[in-house]
Amino acid sequence: MTDNPAATNDVAASLRARINTGQPHTARIWNYWLGGKDNYEVDRAAGDQIRRLHPGIGEYARHDRLFLGRAVRHLVNDLGIRQFLDIGTGLPTADNTHEVAQSVAPETRVVYVDNDPLVLTHARALLTSTPEGRTDYLDEDLRNIDSIFEHAAKTLDFSRPVALMLLGVVIFIGDDEDPYRLVRQLVDRLPAGSYLVLSHTVTSPSMPDVDEAVKFWNEHGTPKLTQRTPEDVTRFFDGLELLEPGVVSCSRWRPEGAGDTEPEEVAMFGGVARKN
C-alpha cells in the first residue's frame, strides 16, 4: 500500500542507473556487516578494510539494530505509540521497525523514508504489513521536510503522537548544513506526546581507531560522514524530555539480560526523548 512505484518495470532502468556499483556505499556496507546479501564486492572490500582499521566496528551495526528493537518495543508496549516515521531506513534486514512494532501492536502504522535507489529497489520488503496496520515507503531526502510530511500524512495521523526514527542518518548531515536545526524542524512538525529516537556514530579519545576508520571511509566511500562527540549527539535532544538512561552507547540503552555486567561500549550512541 504505497503511492510510490517502488518496484515497477517503468522505473527499474532509472533505478539501476542511480546505483553506483563502482564505489562503496554505507547502506550496503551496513547490510554486509549485518550478514545481508544486498551488497557488492566493492562494499565487502571496503567493509573488511574498515574492520581491519577498527575490528569492533561491525558491532555498531548489530547494536544499532538491537537498540532499534528495544526502543520500538518500549514505545509500543509501554508508551502506547502506534505510528512511526523512520527516516534513513537503510536496506531491509531482520527486525525492521514495522516488524517489531506490528508484532506487538498489529494496528501500528509505519512510513519509511530513504533516498538510496538500492533501498527503493527493495522497498517491497518494507511494505509488508499486518492486515490491521499499514506500511509505506517514500523515496525522499530527509532535508525535504515539507515533502516528507505531505506524503507521510497519507498514512500517518499527525494529530496523534508519532515516533520519529533517525538511526545513523544525521551523521550524513555536515555541520555546514546545521543538522541541529534540521532535526528541530522535523520534531517541530510532530504533536506533543511524540518521541525522537536518534543514534549517531561518535568520536572519543578512548576510541582513536574509530577516527581512522571514518577517515578511510570519507576518502573512499559515499556519502561522507561527520563524526560528533557524545555531548554533540546529546544536543539533538535539546528541549525534549530524555528517557533514562539518557544518551549512551547503543549497547547500554536498556540492555536485555545484561544482569550486573554492563555491556561493552560501542561508538554508536543513541537516545529516546519525549516532546511535551
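Structural data are supplied above this passage.
Now for a look at the structure at hand. (Residues numbered from 1 in each chain as written. Predicted model: local features only at pLDDT ≥ 70, side-chain atom pairs only at ≥ 80, totals over all residues. Heavy atoms only, no water.)

Observations regarding the pattern of salt bridges
Taken as a whole and assessed by the stated rule, the structure comprises 11 salt bridges. Put simply, Arg143 and Glu177 hold a salt bridge, and the shortest N to O gap is 2.6 Å. One end of the pair, Arg143, is in the loop between β3 (134-139) and α8 (145-152); the other, Glu177, is in the loop between β4 (163-167) and α9 (179-188), and 34 residues separate them in sequence. Judged by relative accessible area, Arg143 falls into the partly exposed class, the value being 36%. Overall, Glu177 belongs to the partly exposed group, its relative accessible area being 30%. In this structure, the salt-bridge partner of Arg184 is Asp188, at a minimum N-O distance of 3.7 Å. Here the residue Arg184 and the residue Asp188 both occupy positions in helix α9, the gap between them amounting to four residues, near one helical turn. The class for Arg184 is partly exposed, based on a relative accessible area of 28%. Each of Asp141, Arg143 and Glu177 takes part in salt bridges that share partners, so that together they form one network. (Salt bridge = Lys/Arg side-chain N within 4 Å of Asp/Glu carboxyl O. Helix = DSSP H or I, 4+ residues; strand = E, 2+ residues; numbered from the N terminus. Buried < 20%, exposed > 50% of the residue type's maximum accessible area, 1.4 Å probe, protein only.)

Concerning the packing of aromatic side chains
The final tally for this structure, using the stated rule, is three aromatic pairs. Seen in terms of ring centroids, Phe67 and Trp253 are 5.5 Å apart; in terms of plane orientation they differ by 80°. Their pairing is edge-to-face. Of this pair, Phe67 sits in helix α4 (residues 58-77) while Trp253 is found in the loop between β7 (248-249) and β8 (268-274), placing the two residues 186 residues apart along the sequence. Of the residues examined, Phe67 reaches a relative accessible area of 0% and is grouped as buried. Of the residues examined, Trp253 reaches a relative accessible area of 0% and is grouped as buried. For the pair Tyr180 and Phe236, a centre-to-centre distance of 4.3 Å together with 25° between the ring planes defines the contact as stacked. (Phe/Tyr/Trp six-rings, centres within 6.5 Å; stacked < 30°, edge-to-face > 60°.)

Here we look at the side chain of His200
If you trace the backbone, His200 turns up in strand β5 (residues 195-201). On the accessibility criterion, His200 (0% relative accessible area) is buried. Beyond its immediate chain neighbours, meaning those up to four positions away, His200 contacts Val170, Ile171, Thr226, Gln227, Arg228, Val233, Phe236, Ala267, Met268 and Phe269. (Contact = heavy atoms within 4.5 Å.)

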